[in-house]
Amino acid sequence: MTVLRDLSMLWSLFHILILFMLLYRSRFSRIKTILYTCIAMGPIILLNMTGLILFGAGIMGKVFILTCTLPSLLFFWIVSKDKKGRFFFTFCLADTVALWIIAVTNIADFYFGGQQYILMFVGRFVLFPLTEWAAVRYLRKPYLELQDSVPGGWGIFAGMTALYYLLLAVFANFPTVITARPQELPAFVMVLVLMPMTYATIFAALYRQLLLYRKQRSERVLQEQKNTLAAQLENQRMIRKLRHDMKGHAVTLSGLLSADRTQEALEYLKKLVADMDVLWGQFCANPYLNAVFSHYSQRFQEMDARLKLDIRVGEEELPYMELCQILSNGLDNARTALEELPPEDREASVQMKYSRDYLVLRIRNRCREGVHVEKGTVPTTSKTGAGHGYGLATIREDAGRLGGDMLCYTENGYFVLDVMLRADRP
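Rules used in this analysis
Residues numbered from 1 in each chain as written. Predicted model: local features only at pLDDT ≥ 70, side-chain atom pairs only at ≥ 80, totals over all residues. Heavy atoms only, no water. Helix = DSSP H or I, 4+ residues; strand = E, 2+ residues; numbered from the N terminus. Buried < 20%, exposed > 50% of the residue type's maximum accessible area, 1.4 Å probe, protein only. Contact = heavy atoms within 4.5 Å. Axes fitted to C-alpha atoms, helices over the stretch in contact; angles between N-to-C directions. Parallel < 35°, antiparallel > 145°, perpendicular 65-115°, else oblique. Nonpolar A, V, L, I, M, F, W, Y, C, P; charged D, E, K, R; others polar. Salt bridge = Lys/Arg side-chain N within 4 Å of Asp/Glu carboxyl O. Expected span 1.5 Å × (residues − 1). Core = buried A, V, L, I, M, F, W, Y, C linked by side-chain atoms within 4.5 Å.

Caption draft 1: Structural detail: the environment of tyrosine 199. Here tyrosine 199 lies in helix α6 (residues 185-258). Overall, tyrosine 199 belongs to the buried group, its relative accessible area being 6%. Counting along the chain gives 102 residues from tyrosine 199 to valine 97, while the straight-line C-alpha distance between them is 9.8 Å. Beyond its immediate chain neighbours, meaning those up to four positions away, tyrosine 199 contacts Cys92, Leu93, Thr96 and Thr161.

Written out as structure tokens, the structure is:
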């Protein structure tokens, strides 16, 4: 009947891969990930199954960490999108859950199945798919969302799961298998009971963090909508004021022309047109982007900062909600950075254009001396108090939702924010 034991172990190894692949994020496409996993993990599984047949469960249980856990950890670390605490927590979580199922079914078969391996086979045959169904049904979507929203703080959870995995692995197999040490079985059972309780506590804390993140994101969206509406209302007020003042402008121009002061009249008219463009938001054909540009153009003028705009988008349909958030956060960060500089050094620029299948946005502003940001890193905020520190994180999140990405860095005394968004060319 050892064939049932061997088949149940093969089934377990196969489903450990499935469970982990349901929860982690690969840097390759799904097809490539499956292909690479089969190529790399197939020989590892075959090696361990051969060792199980030749040397038995007792020997292989002692060397399982070296023959399976560490090689699979290295492979998945290479293909994983995450490289730090998030990856190690997910890896240890999948392995620990699988090891828990293996240990429980092994003990149940030893004491209640007569060591015929029937109960072991049936238990693993049922529990692994049931665990995967629960992971897909209740865990996968919020867990992936949580990985996107919470970049830090995973190290302590990863360390906890790693210790649990080592505790189960060592306790179950050293110095002999746990079924050969009945005096230690009560302590081992308590560890098995404690583990799911600990994971329930961890996921409750993570879920509360997710709810907090969703609330903060909703508040940020509402705040951006409020800012956009406020900018539109302010534009309307300024337009009404300008219309009221047009009579005075007409009188001034008429007087200059009557006095044959044509050059002064042209300069006055040029300044008037520029002011009207700012007030009416004539930066591009998109009214939502105009509201943002108009609002920040006025704020930059109020602080004697120069804002150069190069907007090459037309009336095509754009994801204006995300774009307005990206622009607002990026320009607000630029404005904050310029406040630390003398007026003569306050300058920023915005470029927006299409490049192949992407809409490319670049916000570039002068920054204080000594600021250095490497490509691929995200600087932390220098602001204090609640409500700060979300700007670049929100930009990255919005870009990710649109199939793009964000990159920021410093060069030649400027801070550069590049955002690429997947969009259909007009």
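Caption draft 2: Focus on the packing of helix α2 (residues 30-79) against helix α5 (residues 155-173). Taken N-terminus to C-terminus, the directions of α2 and α5 make an angle of 140 degrees; their axes are 8 Å apart at the nearest point. In terms of their interaxial angle, α2 and α5 are classed as oblique. Contacts between α2 and α5 involve Gly61, Lys62, Phe64, Ile65 and Thr69 from the first element and Tyr165, Leu166, Ala169 and Asn173 from the second. Residues of the contact of α2 with α5, tallied by class, amount to five nonpolar, three polar and one charged.

Caption draft 3: Representation of unusual backbone geometry in the model. Of note, the bond from phenylalanine 174 into proline 175 is cis; its omega dihedral lies within 30 degrees of zero at -5 degrees. Within the element layout of this structure, proline 175 appears in the loop between α5 and α6. Its identity is not glycine, yet aspartate 260 carries a phi of approximately 60 degrees, on the positive side. Residue position: aspartate 260 is located in the loop between α6 and α7 (262-280). When its relative accessible area of 64% is taken as the criterion, aspartate 260 is described as exposed. One non-glycine residue, asparagine 412, lies in the positive phi region at around 55 degrees. With respect to the secondary-structure elements, asparagine 412 resides in the loop between β4 (405-411) and β5 (414-422). Owing to a relative accessible area of 74%, asparagine 412 belongs among the exposed residues under this scheme.

Caption draft 4: Fine view of the pattern of salt bridges. What the rule picks out here adds up to 13 salt bridges. For arginine 181, the salt bridge goes to glutamate 184, with nearest N and O atoms at 2.3 Å. Judged by relative accessible area, which is 4%, arginine 181 ranks as buried. Classification of glutamate 184 as partly exposed rests on a relative accessible area of 28%. Salt bridges sharing partners connect three or more residues here, namely Arg25, Asp82 and Arg86.

Caption draft 5: Seen up close, helix α8 (residues 287-302). Look at α8: 23 Å from first C-alpha to last across 16 residues, which is about the 22 Å you get at 1.5 Å a residue. Within the sequence span of α8, burial applies to Leu289, Asn290, Ala291, Val292, Phe293, Ser294, Tyr296, Ser297, Gln298 and Phe300. Downstream of α8 by a residue or two, aspartate 304 has a phi angle that is positive, lying close to 55 degrees.

Caption draft 6: Representation of the nonpolar core. Formed by 56 residues in total, the largest nonpolar core has its most connected members in Leu13, Phe76, Phe89 and Phe188. With twelve residues, helix α3 (residues 85-112) is the single largest residue contributor to this core. Sequence-distant contacts of phenylalanine 188, that is, excluding residues within four places in its chain, are made with Ala103, Ile107, Leu168, Phe171, Ala172 and Ile178. Of all hydrophobic cores here, the second largest spans 39 residues; its members include Leu331, Leu338, Cys367 and Leu421.

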